[in-house]
Structure formats: structure tokens, C-alpha cells
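# Chains, contacts and geometry: an overview
Chain by chain, the residues run as shown.
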Amino acid sequence: MFSDLIVAYLFLGGTGAGGCVVAAFLALLADPLPLEAALARKMRSSAADPWRRFFAAMQLAILGALLLGMLCLIADLGRPDRLLLILFHPAPTYLAFGAWALIACFALSAFSLLIWTGAARASRRVMVLVSIVSIVAGVAVMLYAGLMLADMRAVPVWNTPLLWVVFVLSALSCGIALVLVAAFASGSVGPFARTLMRLSKVDAVIILLEAIAGIAFLVSAWQQAGGLAGPTDGTSYAAQESLEALIAGPLAALFWVGFAFIGMAVPFVQDIILGRTSGTAVSAAMLRRRSLLMVSVAACVLIGGAVLRLLVVAMASHPLLGVPL
């Protein structure tokens, strides 16, 4: 049903949107008085330097993910002008809504980058407004993919609100991973160590909630397949085939190893380890270990996010044909 380019688009768009939401929340939580002073100097004071490096790196990472996602969508369409047909289609569609929300995220992130680098002058009030709108746009992007798939009646296993819950939680976790990578790449782990450790705690909670939602999604698929009684019609047979392919069929290794273990269990444990050391003094050696652990968390979460979207698309089965789409 969907090409690998669309799978990449769903992953990159969700990751960029999640990063947009996380970065906006971090901006809202920044100490207001020092931030106001730094913005008044266009982020060119010594006190503003750590903020400039940290937030600018975040916005660059977000812009990169969003841009790659949009390029994947355009490449799948075949011609750039087809994107205009989607954007200006007379009837509202999920794809048009998602594309506009993605463009809004990109524009807001680009403007935020200009502010954090000092290329554009802005007050804290403007920064707060941009952050709030960024959260709204980011949530819209995170929601639309799951809602679009859940509304496709041709694939029974997708017809549950649990799908968009899993997608939103995964996007948030991937967004945190993007922030961790940006902090490491910009050398901002030291100045923002406590913030990043707290973010790891939040990520652990999100991963736990994602696991619960994922299990509920599998239970929903099992119920669609007829439960203990087994399938009785084309729809339930399709749901059974999707579930069997994921749990014990051709997708099982990717599900259990790529998603459940590497994408969920490993980063959850690592997040717990990072969170437990958040209140301790930070030595140079500990800082290096934390930095490497954060990179490992980010890599595992991003792998899990990509595998999740690949599995959701690959497990699709049509109720009439009873074969993967």
C-alpha cells in the first residue's frame, strides 16, 4: 500500500514534529529573566552562548528531519508539482492536513533558529508565542499519520484509536532522541546536563506508556481476529494474518528484536540509569559516560521509531484478499 519512501516520510516527519514539541517546551521552561536579557542582545553575550549552541543545534536537527521527510514525500509523488495538488485539493484530506502542518513546523523551526542564532531580534513574548504555536503544529503532525491510517477501513488491524496513540508517543520519544543527539553534537551536554537527565526520565515514562499502548494495540488486533473463537469472516481473517505475521511470522524478528528489544527495552533501561544519576555531581569522566549513554539511547529510540512505522505498514492485510498489501 505504501512505499519505503512513505515509511521514511512518516518516520522523519513524526521525529521532526516530536523534536519541535520538545524544543518548544524546553524554550518555555527556560529561566525568563536571563533569557530576556540574552534575546535583547541577540544571543551574542557570553551568558547566551550555551543557549545559542544548544537550541540552535536542536532546531537544525529538527529542520533536517522535516526537510528529509518532505523530500521523501515529493520523491514518492514522482513530481514536485503533485505536492501542490495535495496542498490545494478542493476536498480536505489527511495528507493535505499533514503536509500543511509539516510545512508550518518547518517554518516555525526555521524562525526559531533565526532567533536562537541572533539573526532575528525577538522578545521573550515572541519566543513564547512561537513556542506555543510550534507545539500545536507539532502535535498536529504527530496525530495525523495515526488518524489517517486508523481511518482506512480496508485494513482492519489499523482501525483503532490505539494506533495514533502509539504513533504520538513514538514521535515524542524520537523527538527527545533528536534533542539528545543535538546536545551531544553541539557540546552542550555539560551546561544542560541536569535538563537532559530529567528529559531522560520523561523519555522512560513515554516508552513505558508506548509499550502499554502497543500491547493494547495487539490485544485489539487479537479481538478483531475473533479472539479465542478465531476468525469467522474476511475481516477477522485479515486481522489474524496481520497479527500472526507480526508475532510469529515473517515480521517477527524485526518486531521482537528491532522494535521490542532495541527500540524499547534497551533505551528504557538506559533512561532509568541516566535519570538515577541526575542529582549527583558531574565529573568530567561521568559527563563522558553520560554523553555516550545519551547517544546510545537516541540511536536505539530512533531505530525503534523507524522499525515501528515499517512494521505497521508491512503488517497491513486486506479483508478480501487476506494477503499483505
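Because the structure is a prediction, the values reported are computed rather than measured.

## What about the pattern of salt bridges?
Under the defined criterion, the tally for this structure stands at 2 salt bridges. As a salt-bridge pair, Asp 49 and Arg 52 come within 2.4 Å of each other at their nearest N and O atoms. Pair noted here: Asp 49 and Arg 52 are both in helix α3 (residues 49–77), with a separation of 3 residues, about one helical turn. Judged by relative accessible area, which is 26%, Asp 49 ranks as partly exposed. Residue classification places Arg 52 among the partly exposed residues on the basis of a relative accessible area of 23%.

## A few points about the layout of surface pockets
One number sums up the size of the largest pocket: a volume of about 300 Å³. Along its surface, the largest pocket is lined by 18 residues, and Gly 214, Ile 215, Leu 218, Phe 255 and Phe 259 are the ones closest to its centre. Those elements that provide at least two residues to the lining of the largest pocket are α7 (162–185), α8 (193–224), α10 (252–276) and α11 (284–314). At 6 residues, α8 tops the list of elements feeding residues into the lining of the largest pocket. Grouping the amino acids of the lining of the largest pocket by side-chain chemistry returns 16 nonpolar, 1 polar and 1 charged. If you add up the space inside the second largest pocket, you get close to 210 Å³. As for the second largest pocket, its lining consists of Val 21, Val 22, Phe 25, Leu 26, Leu 29, Leu 172, Ile 176, Thr 195, Arg 198, Leu 199, Val 202 and Ile 206. Looking at the lining of the second largest pocket, the elements that each hand over two or more residues are α1 (4–29), α7 and α8. Residues belonging to the lining of the second largest pocket are distributed by class as follows: 10 nonpolar, 1 polar and 1 charged.

## Things to note about the nonpolar core
By size, the foremost hydrophobic cluster in this structure holds 98 residues, and its most contacted members are Phe 54 and Leu 196. For this core, the element with the most residues is α7, which contributes 15 residues. Apart from the residues lying within four places of it in its own chain, the contact partners of Leu 196 are Phe 54, Val 179, Leu 180, Ala 183, Ser 188, Val 189 and Met 294.

## Focus: empty space enclosed by the protein
All told, the structure shown has 4 cavities of 30 Å³ or more when counted by the stated rule. Roughly 100 Å³ of internal volume is contained in the largest cavity. Leu 10, Gly 13, Gly 14, Val 141 and Ala 145 are, among the 13 residues lining the largest cavity, the residues nearest its centre. Every element with two or more residues in the lining of the largest cavity is listed here: α1, α5 (94–116), α6 (124–150) and α7.

## Here we look at unusual backbone geometry
Of note in this structure, Lys 42 is not a glycine but carries a positive phi near 55°. For Lys 42, the position within the fold is in the loop between α2 (32–40) and α3. Despite not being glycine, Met 43 shows a phi value in the positive range, around 60°. Examined against the element boundaries, Met 43 turns out to sit in the loop between α2 and α3.

Basis of the calculations
- Residues numbered from 1 in each chain as written.
- Predicted model: local features only at pLDDT ≥ 70, side-chain atom pairs only at ≥ 80, totals over all residues.
- Heavy atoms only, no water.
- Salt bridge = Lys/Arg side-chain N within 4 Å of Asp/Glu carboxyl O.
- Helix = DSSP H or I, 4+ residues; strand = E, 2+ residues; numbered from the N terminus.
- Buried < 20%, exposed > 50% of the residue type's maximum accessible area, 1.4 Å probe, protein only.
- 1 Å grid on protein atoms, 1.4 Å probe; cavity = no way out; pocket = protein on both sides within 12 Å on 5 of 7 lines; lining within 4 Å.
- Points joined across faces, edges and corners; volume = space filled by probe spheres on them.
- Nonpolar A, V, L, I, M, F, W, Y, C, P; charged D, E, K, R; others polar.
- Core = buried A, V, L, I, M, F, W, Y, C linked by side-chain atoms within 4.5 Å.
- Contact = heavy atoms within 4.5 Å.

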